Structure formats: structure tokens, C-alpha cells
Amino acid sequence: MIRESIGLVGLASNPSAIRVSGSLESHYSPKTKVILDVVAIAGDGLIAPDQFPTPNGVIHLAAPSTTEEYARVLYQALGSADLQGLDAVVVLQPRGNGLADAIRDRLQRSASK
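Position labels on residues start from 1 in each chain and follow its written sequence. The model is predicted, so local features are restricted to residues of pLDDT at least 70 and side-chain atom pairs to those at 80 or more, both for listing and for counting; the totals for chains, interfaces and linings are taken over all residues. Each side-chain value is worked out from all heavy atoms of the structure, with water and hydrogens disregarded.

Q: Just checking my understanding: could you explain helix 3 (residues 99–111) for this structure?
A: Residues spaced three or four apart along an α-helix face the same direction, because each turn holds 3.6 residues. Here helix 3 contains 13 residues, and its C-alpha end-to-end distance of 18 Å stays within 8% of the 18 Å for a straight helix at 1.5 Å per residue. Contacts: residue pairs with any heavy atoms within 4.5 Å of one another. Where helices and strands are cited, they refer to DSSP runs of H or I of at least four residues and of E of at least two residues respectively, numbered from the N terminus. Looking at the buried residues of helix 3, the elements they touch are strand 1 (33–36), helix 2 (67–83) and strand 4 (88–91). By definition here, a helix of n residues has an expected span of 1.5 Å times n minus one.

Below is the structure:
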């Protein structure tokens, strides 16, 4: 009766009908096109580790120095790309395991649209 009253009838027989935000293929996608691990060109936004130089004409959005900082600034930087009306933002993905894996997963979802 609870399932019927809250509209869950049929979901038990079709688990793929349940949408969980973190499992969506293109979740966390900004309006700006996200391009992973390429050389940024003039007019692109750039999110890259702090030791990576920003090429001439590229709009520096974030330069995190640690994986933890990367996680903290990522969505703000992607939002900044949208606010600035950029056509593309190049993101150099963090290396490593753990939190870096999670960040890469979210970035791949952002780039999948």
C-alpha cells in the first residue's frame, strides 16, 4: 500500500526505472562543453593542476594544488565557465586513486553529453 500511495508501483519489477543522480551517464554536466586531457587553445577555459602553465589566450578557471582542492573547486570552476559563456573548458584530470578516481568519474560524466 505504501508503494502505491507514493507512486512506486512497477518500480520493483523495473529497477532501471529508478533514477539515482550519481548513476546517470551525463550527470554533473555544465552547459559549457567539457573536454578532457587535451591542449587548451585561446578562448578555452582551463582547469588544471597548479604546476601546469596556462597557455596564452586561455582562461584560467582553477589550478588546484592537491586532489582535495581539486574536489573543492571543480564545480565552482565549471560553473564559472558557464557564467562566462565559454564554448569549451579543457580539464586535465587528476592522477591517483581514491578521491582522484571519483573526480575522474564525475569529469567523464560531465564530458559525455
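Q: In this structure, what is going on with the packing of helix 2 against helix 3? I would like to understand it.
A: Between two packed helices, what matters for the description is the angle formed by their axes and the separation of those axes. Fitted lines through C-alpha atoms give the axes, limited to the stretch in contact for helices. The angle between two N-to-C directions lies from 0 to 180 degrees. Interaxial distance between helix 2 and helix 3 falls to 9 Å at its minimum, and their mutual angle equals 20°. Regarding the angle of helix 2 to helix 3, the classification is roughly parallel. The handedness of the crossing between helix 2 and helix 3 comes out as left-handed. Residues Thr67, Glu68, Tyr70, Ala71, Leu74, Tyr75 and Leu78 of helix 2 form the contact with helix 3, whose participating residues are Leu99, Ala100, Ile103, Arg106, Leu107 and Ser110. When grouped by side-chain class, the residues that make up the contact of helix 2 with helix 3 number nine nonpolar, two polar and two charged. Comment on the angle field: the value is read as roughly parallel under 35 degrees, roughly antiparallel over 145, roughly perpendicular from 65 to 115, and oblique elsewhere. Each helix crossing is assigned a hand: it is left-handed if the near helix lies turned anticlockwise from the far helix by less than a right angle, otherwise right-handed if that turn is clockwise. Residue polarity follows a fixed list, in which Ala, Val, Leu, Ile, Met, Phe, Trp, Tyr, Cys and Pro are nonpolar, Asp, Glu, Lys and Arg are charged, and the others, Gly among them, are polar.

So far we have only geometry, and geometry alone does not tell us how the molecule works.
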